[in-house]
Amino acid sequence: MRLTIFTTPLLSPLLKRFSRWILHLAGWKLLGEMPRNTPKSVIIAAPHTSNWDLPYTLLVAFALELNIHWMGKIQIFRFPFKGVMCWLGGIAVDRSKSSNTVSASAQALRQAEGELHLVIPPEGTRAQSRQWKTGFYYIALEAQVPIVLGFLDFGSKTSGLGPAFVPTGDLDADMAVIKNFYAPFCGKNAAQFVLE
């Protein structure tokens, strides 16, 4: 994988300390940690209801010492921001084109050397979404990596990582367990986080 802000020598350790300080100053608490022996995973980023979710996710990733990549809509990767977004760990996704994003992402996870965690917001949008997209699930299933339940709860100002969940292949049953975990959480724009 390419060099990102999380793997940039000298800068990365400084940003870890800075992120912990900023989160503490803002009144946020960090909970959980990456489960042991989990060098690769798909991390759910939910609730996703605001542009503020990305900066907080980056701060939390640094504070928890994670090497993450995240998927975002292609529009935020246009000039002059493309280089910065890629350096921040972003991977552009063109939602208007039918492509094999799941297989390509699963293959990248399998083939990556060292630690790599792919962060995906299951809503696929900041707007209210009643149906979660299932790409994150199938990427984890195909790559044979766990799904780690990451969260930003603006209601209690807590963020971090919940348990790791190994997908069984039974989408409906697994989604029920995952959504049950997220039921108590509140996004920045609380009315836009709907679980059905």
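Okay, so let's go over this structure. All residue numbers here refer to positions counted from 1 along the written sequence of the relevant chain. Whole-chain, interface and lining totals are the exception, using all residues; otherwise, since this is a predicted model, local features are given only for residues with pLDDT of at least 70 and side-chain atom pairs are given and counted only at 80 or more. The side-chain figures draw on all heavy atoms in the structure; neither hydrogens nor water molecules are used.

**What about the environment of Trp 87?**
Then comes step 1: The topology assignment puts Trp 87 in helix H3 (residues 82-87).
Then comes step 2: Think of it in three bands: residues with accessible area under 20% of the maximum for their type are buried, residues over 50% are exposed, and the middle band is partly exposed, with areas taken using a 1.4 Å probe on protein chains only. Residue class for Trp 87 comes out partly exposed when judged on its relative accessible area of 31%.
Then comes step 3: It is 9.3 Å that separates the C-alpha atoms of Trp 87 and Thr 8, two residues lying 79 residues apart in sequence.
Then comes step 4: We call two residues contacting when some pair of their heavy atoms lies within 4.5 Å. If near-sequence neighbours (up to four positions away) are discounted, Trp 87 is found in contact with Leu 3, Thr 4, Ile 5, Thr 8 and Leu 11. Comment: elements are numbered from the N terminus, with helices defined as DSSP H or I runs of at least four residues and strands as E runs of at least two.

**So, the packing of aromatic side chains**
Then comes step 1: Planes of paired rings set the category: under 30 degrees apart is stacked, over 60 is edge-to-face and the rest tilted, where pairs are Phe, Tyr or Trp rings (Trp by its six-membered ring) whose centres lie within 6.5 Å. For the structure on display, the rule yields 15 aromatic pairs.
Then comes step 2: Judged by centre distance (6.4 Å) and plane angle (75 degrees), the rings of Trp 132 and Phe 136 are edge-to-face. For the pair Trp 132 and Phe 136, one class covers both residues: buried.
Then comes step 3: Between Phe 151 and Phe 185, the ring centres sit 4.7 Å apart and the planes meet at 10 degrees, which makes this aromatic pair stacked. Taken as a pair, Phe 151 in strand S6 (residues 147-153) and Phe 185 in the segment after helix H6 (171-182) lie far apart in primary sequence, 34 residues in all.
Then comes step 4: Take Phe 151: its relative accessible area is 8%, and that puts it in the buried class.
Then comes step 5: Owing to a relative accessible area of 15%, Phe 185 belongs among the buried residues under this scheme.
Then comes step 6: An aromatic cluster is present here, built from Trp 132, Phe 136, Phe 151, Phe 181, Tyr 182 and Phe 185 joined pairwise through their rings.

**Considering the sheet that holds S6**
Then comes step 1: The pairing criterion for strands is at least two bridges between them, as found by DSSP. Spatial ordering of the open sheet is given by S1-S7-S6-S2-S5-S3-S4, a layout of seven strands whose pairing is mixed. Each edge of the open sheet is held by one strand with a lone partner, namely strand S1 (29-31) and strand S4 (90-93). Direction aside, neighbouring strands of the sheet carry axes that sit 25 degrees apart on average.
Then comes step 2: Note that S6 and strand S7 (residues 158-165) share six bridges and pair antiparallel. Paired with Leu 152 across the strands is Ser 159, a residue of S7.
Then comes step 3: In the packing of helix H5 (residues 135-143) onto the sheet, the strands contacted are strand S2 (40-46), strand S5 (116-120) and S6, and the crossing angle to S2 comes to about 170 degrees. Under this scheme, a helix contributes an axis fitted over its contacting stretch, all axes are lines through C-alpha atoms, and angles between N-to-C directions fall in the 0 to 180 degree range.

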